[in-house]
Each structure stands twice: as C-alpha cells, then as structure tokens.
Amino acid sequence: MTLQGLALPQVPAPAGRRAGPPSAPASVHAAGRMLDSHGRAIRDLRLSLTDRCNFRCTYCMEPDVRFAAPESLLQAGDFVRVARVAAGLGVTKIRLTGGEPTLHPHLLQVIAGIRIHTACEIAITTNGATLDRPSLRAWKAAGLDRVTISLDSLRTERFTRITRSNGTPARVLAAIDDCVAEGLGPVKVNAVLVRGVNDDEAADLAALARRPGVEMRFIEWMPLDSGHAWEPDRWVSAAETRAAIERRFPLVPLAGDDPSSTARTFAFADGTPGRVGFVAPVSSPFCGACSRLRITADGMVRPCLFSTREFDLRPLLGHGASDSAVARFLVDATWTKQAGHGIHTPEFRQPDRPMSAIGG
Ligand code: SAM
Ligand code: SF4
C-alpha cells in the first residue's frame, strides 16, 4: 500500500501556537526513549485522527463546538510517520482515537501504514455508530488488533438524549458483536456515568461483560468537556459504581493488572466469565504510572491529558525535518510531562482543549 499523495501541505502554524519544547538533558536523548523528568517512560501513543464527531455526547462535546480548520490537520502519512518514530523510541501500543476516528477518510491507510512500519499493538476507540463487518474486516486485514466501543446507556431514548444523535444502543450492541465475530476482541466497552443521567444503569451495563469477548469499563467523568459542565457532585466514582454493580453481581478483584494500565479489573464472583474494569482518574489518579503521550489531529504533542502546554509538530513534519529531528522533539516534549493532573488542587484549571480534541 502506498502513502504517496498523503504528504502534509505546507501550512504555517497559526500565530500563538508554541513551536517547540525546551531541550531535555543530553543523557535523556542518549537513552533513545521517551522519558519524563519524573522517571516515567512512554509506551502508549494516542493519535487523535480527527476532532470531529457524529455524536455530541453531553459529557464531552457541545452541539456548537468549533472544530480545527481542515488545513491545520495532519495527513495520514504524518500519523504513520509519528507512529514509526515513536515505536523507535519504545512505544508498543498505539490507539487511534478522536473525535470519532472512523470518520477519517484515510483510516485504512493509517492502520496499514502503522502496521507496515511498526510491531505495535494497534487499537481504536469508536462510538460504534458506523461500524460494519466489511470495514472491520478490512481494518483487521490492514493490521488493527482491537476495538474499544463507547456505550453509555442501553435505553434507546436515553442513548439518543446523551449522544444527541440518531444512533441507538441496538446498533452499538450489534457493532460490538461484529467486532467479536471479526476477531477484534476482547472488545472493551467504555461507559461514562453522570449522576442523574445514567448512573442507575451501572449493573445493566456491567452485565454486558457476561457476553463472550466483552470487557466492560466504567470511566469516571473528567473535567474535559467542551461545555465545562463537569461539577464535583455530578461525576460518579468507581467505588460508587462498583457498589451499585455488586448489589446484583458480586465482583472479585483480578490480580496482575499492568500498573500503567488505566483500569483496575474484576471478575464475576459467580464464576461467569467476563471482566469489569474501573478507570478512576478522578478518585484514584494513576498518574504515577502513566505511560501515555498524545498527538492531536492538528499536530500538537500533549504530554498529559490535562496539559496546559502543548507543542506543535507541524512545522517539523511539514518542512522536511529528519526522523531524528522528530524523535528529538518527542523526547523533549515528553521530558516536560507534568507529575499529575492535579484535579483536586486549588490551582487546577480545566485545559482549553476538550477531550474530543485531545484524544481519549
Ligand atoms: N468518539 C470515540 C468514542 O466516543 O469512543 C472516541 C473518542 S472519545 C473522546 C474516547 C473516550 O473518552 C470515550 O469512551 C468517551 O466516553 C470518553 N470521554 C469523553 N469525554 C470524557 C470525559 N469528559 N471524561 C471521561 N471520559 C470521557
Ligand atoms: Fe464524540 Fe466520543 Fe465525544 Fe461522544 S465521547 S461526543 S462519540 S468524541
């Protein structure tokens, strides 16, 4: 497969965008890995292929959200190149996300290019609205390993209200089954519970994990929504969610979670196969073991989901810089990674970029 014709147009960075990170120490460059100043190494790269979406989930994106200008976006070949360079610096997992990554017109080429140039595990996070068997088969053949699908409600009317779309939970459930059938599992299914909206569905959603090939994951709502509607009394903690699930399905903790993994996982105590995971960035921050780096659709390197500093890769990618210059940039940006998100500190300020423009 060729990536010719997918080169980045020569677009100057808009005024005000910070061009580059400060230099990391020479010893860090000599290590040839992406290390931060707190002793963490990057192994997990998240590429946000687009900030656009066909949903407008109430906890994520307001209907009038403004998207990045098309001419500011990275091209498929740029994503592949960054993935290749990052793999050479120790990345082993690449997640394609957004926005809604399945809207990207060259998704297949991105997957194929990453597969050709790296041995990384390739996963995608999607709302599942447009998945079909032929696309899944093509993505799998191109090198996709796993799919994560978001599903916040099993009730049609509520699903419509949350996603502000004409999608249905039945459609998403069918997409989950299709992914399992196409060998793209185990399918992780993500749900974000918001108090008074869908927090009464914890056990119903957990029951999805009792289907073969599905792992249910509950993610605490974070202050990253474009509407800035997150409030301390509206997010639902992992402990509260787990307690609600255990009223119907007692759970037992599973040993062996990777410390850098975002989820703590549990099995059903009654022996039914299946896993339920809790991602608790608000109640139990896992920043100390973070191994992630994010690249936005418009080419900004974000060392942390909550970064207020980001670094513009586009001038390098668009002006013929060498791979070693791109690698140097990634190493320098990683070195600046903050120790933690600090949500509970008085200085915390929600980043200007919403989750949908960062890549979840
Ligand atoms: N559009 C795709 C989807 O929804 O799966 C991929 C992008 S979305 C930003 C990735 C994940 O982030 C989804 O599982 C979504 O539920 C989650 N998410 C979005 N906004 C969030 C927030 N403010 N706090 C926690 N999770 C959030
Ligand atoms: Fe779109 Fe995903 Fe955000 Fe929902 S959570 S609005 S599907 S990017």
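Our subject is the structure listed above.
In this report, we go over the structure that sits alongside the text. (Residues numbered from 1 in each chain as written. Chains lettered and ligands numbered in written order. Predicted model: local features only at pLDDT ≥ 70, side-chain atom pairs only at ≥ 80, totals over all residues. Heavy atoms only, no water.)

## Some remarks on the packing of aromatic side chains
With the rule as written, the count across this model stands at 5 aromatic pairs. For the ring pair Phe55 and Phe159, a centre distance of 5.9 Å and an interplane angle of 90° mean the geometry is edge-to-face. Taken together, the positions of Phe55 in the loop between β1 (44–50) and α2 (76–88) and Phe159 in helix α5 (residues 156–163) put the pair 104 residues apart, joining distant regions of the chain. Both residues of the pair, Phe55 and Phe159, count as buried. (Phe/Tyr/Trp six-rings, centres within 6.5 Å; stacked < 30°, edge-to-face > 60°. Helix = DSSP H or I, 4+ residues; strand = E, 2+ residues; numbered from the N terminus. Buried < 20%, exposed > 50% of the residue type's maximum accessible area, 1.4 Å probe, protein only.)

## Quick word on the nonpolar core
Soluble globular proteins tend to bury their nonpolar side chains together. Of all hydrophobic cores here, the largest spans 103 residues; its most connected members are Leu47, Leu96, Phe218, Leu313 and Leu330. When residues in this core are grouped by element, the largest group, 7 residues, is from α2. Those residues within four positions of Phe218 in sequence are excluded, and the remaining contacts are Ala191, Leu193, Ala202, Leu205, Ala206, Thr241, Ile245, Val276, Gly277, Phe278 and Val279. (Core = buried A, V, L, I, M, F, W, Y, C linked by side-chain atoms within 4.5 Å. Contact = heavy atoms within 4.5 Å.)

## A word on the site of ligand 1
As a structural note, the neighbourhood of ligand 1 is formed by 18 residues, with Tyr59, Gly99, Glu100, Ser150 and Met222 the closest of them. With respect to ligand 1, the side chain of Tyr59 contributes an N or O atom lying 2.9 Å from an oxygen atom. Met222 places a polar main-chain atom, nitrogen or oxygen, 2.9 Å from a nitrogen atom of ligand 1. When ligand 1 sits alone it has 540 Å² of accessible area, and the protein chains cover 96% of it. For the shell around ligand 1, the elements supplying multiple residues, two or more each, are β2 (93–98), β3 (121–126) and β5 (187–192). Across the shell around ligand 1, the residue classes tally to 7 nonpolar, 9 polar and 2 charged. (Near = heavy atom within 4 Å. Polar contact = N/O pair within 3.5 Å; in protein donor to acceptor, adjacent residues only side chain to side chain. Areas by Shrake-Rupley, 256 points an atom, 1.4 Å probe, with all protein chains shown as cover. Nonpolar A, V, L, I, M, F, W, Y, C, P; charged D, E, K, R; others polar.)

## Points about the environment of Arg46
Summarising the element assignment, Arg46 is placed in strand β1. C-alpha separation for the pair Arg46 and Thr97, spaced 51 residues apart in sequence, amounts to 6.9 Å. Those residues in contact with Arg46 that lie beyond four places of it in its chain are Arg95, Thr97, Arg292, Leu293, Arg294, Ile295 and Gly360. Within the local environment of Arg46, its side chain forms a polar contact with the backbone oxygen of Gly360, the two atoms lying 3.5 Å apart.

## Quick notes on the side chain of Gln350
Tracing the backbone through its elements, the reader meets Gln350 in the loop between α10 (323–335) and α11 (355–358). Polar contacts involving the side chain of Gln350 include one to the main-chain carbonyl oxygen of Pro223, which spans 3.4 Å. In terms of polar contacts, Gln350 uses its side chain to reach the backbone carbonyl oxygen of Asp225, at 2.9 Å. For Gln350, the contacting residues outside a window of four places in its chain are Pro223, Leu224, Asp225 and His228.

## Things to note about unusual backbone geometry
The step from Gly185 to Pro186 runs through a cis peptide bond, and the omega angle for that step is 0°. The backbone of Arg164 shows a phi angle near 50°, a positive value even though the residue is not glycine. Structurally, the position occupied by Arg164 is in the loop between α5 and α6 (169–181). The class of Arg164 is partly exposed, set by a relative accessible area of 34%. One non-glycine residue with positive phi stands out, namely His228, at about 50°. Among the secondary structure elements, His228 is positioned in the loop between β6 (214–219) and α8 (238–246).

## As for α10
Under the 1.5 Å per step criterion, the end-to-end length of α10 is 18 Å for 13 residues, consistent within 8% with the ideal 18 Å. Here α10 has its buried residues at Val326, Ala327, Phe329, Leu330, Val331, Asp332, Ala333 and Thr334. Residues of α10 that are buried in the fold lie against α1 (26–31), α2, β10 (292–295), β11 (300–302), β12 (311–312) and α9 (314–318). (Expected span 1.5 Å × (residues − 1).)

## A word on the pairing of strand β8 (residues 263–268)
Moving residue by residue along a regular strand, the side chains alternate between the two faces of the sheet. Among the 6 residues of β8, 5 are classified as buried, and the element is accordingly described as predominantly covered. Relative to strand β9 (residues 275–279), β8 runs antiparallel, the two sharing 5 bridges. In the strand pairing of β9, Phe266 is matched with Val276. In textbook terms, the turn of a hairpin is the stretch between consecutive antiparallel strands, and for β8 and β9 this stretch comprises 6 residues, one of which, Gly271, has a positive phi near 90°. (Pairing = 2+ DSSP bridges.)

## Points about the side chain of Thr126
Inspection of the secondary structure assignment puts Thr126 in strand β3. Within the structure, Thr126 has its side chain in polar contact with the backbone nitrogen of Gly128 (distance 2.9 Å). Discounting chain neighbours no more than four positions away, the residues touching Thr126 are Glu100, Thr102, Leu131, Val147, Thr148, Ile149 and Ser150.

## What about the pattern of salt bridges?
As a working rule, side chains carrying opposite charge can pair if their charged atoms are close by. This model, assessed by the stated rule, comprises 27 salt bridges. In this structure, Asp178 engages Arg133 in a salt bridge whose closest nitrogen and oxygen atoms are separated by 3.7 Å. Of this pair, Asp178 sits in helix α6 while Arg133 is found in helix α4 (residues 133–142), placing the two residues 45 residues apart along the sequence. Residue Asp178 is classed as buried on the basis of its relative accessible area, which comes to 17%. With a relative accessible area of 32%, Arg133 lands in the partly exposed category. (Salt bridge = Lys/Arg side-chain N within 4 Å of Asp/Glu carboxyl O.)

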